[in-house]
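# Structure assessment
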Amino acid sequence: QTNFNNKPKIMRNSVNKLKGFTILEMLVVFVIIGLLAGLVGPRLWSHADESKVQTAKLQIKMLKGAVLSLYLHIGRYPTNEEGLALLHNPPADENTKPFWKGPYLDEALPLDPWHRSYIYNSTPSRDGQPFSLYSLGADGQPGGADSNADLGYLPPTH
């Protein structure tokens, strides 16, 4: 029968010393992780803002296509009162209703990447579209720059 507790005292102490990290070693690791997060984090957030802007641009193009398809069927663009809801709901006008072939979107109207509704107006846009369709960007206010800039087919007075 072998008794493992009979190992020399020096051997038992050296094994116990190898079991964990010191507080100083842990602090050094946390400082390194913090520095890396400080360097990489802002770059990741800037890419997230760029992705939201690209998403808004793509959604506006998709909505424009749906509005143009609606126009081909009913012969007019939505009024300000109907707005983009006309892409999902038939018009109240009994003369136009038989020509409506919607819904023109597979799912509900999307919100912009900042969780606000896109703005539709029957006023022609400044770049020649027969209607205005846009998002106010990240800040939700007219004007702005970068991710706060207004996106889409903006009205002439905007």
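Calculation criteria
Residues numbered from 1 in each chain as written. Predicted model: local features only at pLDDT ≥ 70, side-chain atom pairs only at ≥ 80, totals over all residues. Heavy atoms only, no water. Helix = DSSP H or I, 4+ residues; strand = E, 2+ residues; numbered from the N terminus. Buried < 20%, exposed > 50% of the residue type's maximum accessible area, 1.4 Å probe, protein only. Contact = heavy atoms within 4.5 Å. Areas by Shrake-Rupley, 256 points an atom, 1.4 Å probe, with all protein chains shown as cover. Patch = residues over 30% accessible without salt bridge, like charges linked within 9 Å, V, L, I, M, F, W, Y side chains within 5 Å. Salt bridge = Lys/Arg side-chain N within 4 Å of Asp/Glu carboxyl O. Phe/Tyr/Trp six-rings, centres within 6.5 Å; stacked < 30°, edge-to-face > 60°. pLDDT = per-residue confidence, 0-100. Pairing = 2+ DSSP bridges. Axes fitted to C-alpha atoms, helices over the stretch in contact; angles between N-to-C directions.

## A word on the overall build of the protein
When its secondary structure is counted, the protein shows two helices and three strands. Along the protein, from the amino end to the carboxyl end, the secondary structure elements read α-α-β-β-β. Within the protein, the proportion of its 158 residues that are buried is 28%. For the protein, the share of sequence-separated contacts (at least 6 apart) that also reach a separation of at least 24 residues comes to 44%. Carbon and sulfur atoms provide 60% of the accessible area of the protein, an area that totals close to 11000 Å².

## Some points on a nonpolar patch on the surface
A surface patch of nonpolar side chains, about 780 Å² in accessible area, is lined by Phe21, Ile23, Met26, Leu27, Val29, Phe30 and Ile33. Looking at where Met26 falls in the secondary structure, it is placed in helix H2 (residues 23–74).

## Quick look at unusual backbone geometry
Residue Pro103 follows Gly102 across a cis peptide bond; omega there is 5°. As for its placement among the helices and strands, Pro103 is situated in the loop between H2 and strand S1 (119–121). Phi is positive for His115, which is not a glycine, with a value near 70°. Checked against the element boundaries, His115 lands in the loop between H2 and S1. Under the relative-accessibility criterion, His115 is labelled exposed at 65%.

## A few points about the packing of aromatic side chains
Taken as a whole and assessed by the stated rule, the structure comprises four aromatic pairs. Plain terms: the ring middles of Tyr77 and Phe131 are 5.3 Å apart, the flat faces sit at 50° to each other, and that makes the pair tilted. One end of the pair, Tyr77, is in the loop between H2 and S1; the other, Phe131, is in the loop between S1 and strand S2 (132–135), and 54 residues separate them in sequence. In this structure Tyr77 comes out as partly exposed when scored by relative accessible area, which is 21%. Taking relative accessible area as the criterion, Phe131 reaches 0% and is therefore assigned buried.

## A look at the confidence of the model for the protein
Confidence in the prediction for the protein averages 85 pLDDT; 84% of positions are at 70 or higher. Per-element confidence in the protein ranges from a low mean pLDDT of 55 for helix H1 (residues 9–17) to a high of 96 for S2.

## Comments concerning the sheet that holds strand S3 (residues 151–153)
The three strands lie next to each other as S1-S2-S3, forming an open sheet whose pairing is antiparallel. One side of each edge strand has no neighbouring strand; the edge strands of this open sheet are S1 and S3. Sheet twist, expressed as the mean angle between neighbouring strand axes with direction ignored, is 10°. The pairing of S1 with S2 spans three bridges and is antiparallel. Paired with Asn121 across the two strands is Ser132, which belongs to S2.

## Side note on the environment of Tyr153
Mapped onto the elements of the fold, Tyr153 is located in strand S3. Residue classification places Tyr153 among the buried residues on the basis of a relative accessible area of 12%. C-alpha of Tyr153 to C-alpha of Lys64: the two residues are 89 residues apart in sequence and 9.1 Å apart in space. Setting aside residues up to four positions removed in sequence, Tyr153 forms contacts with Ile60, Lys61, Lys64, Ser125, Asp127, Gln129, Phe131, Ser132, Leu133 and Tyr134.

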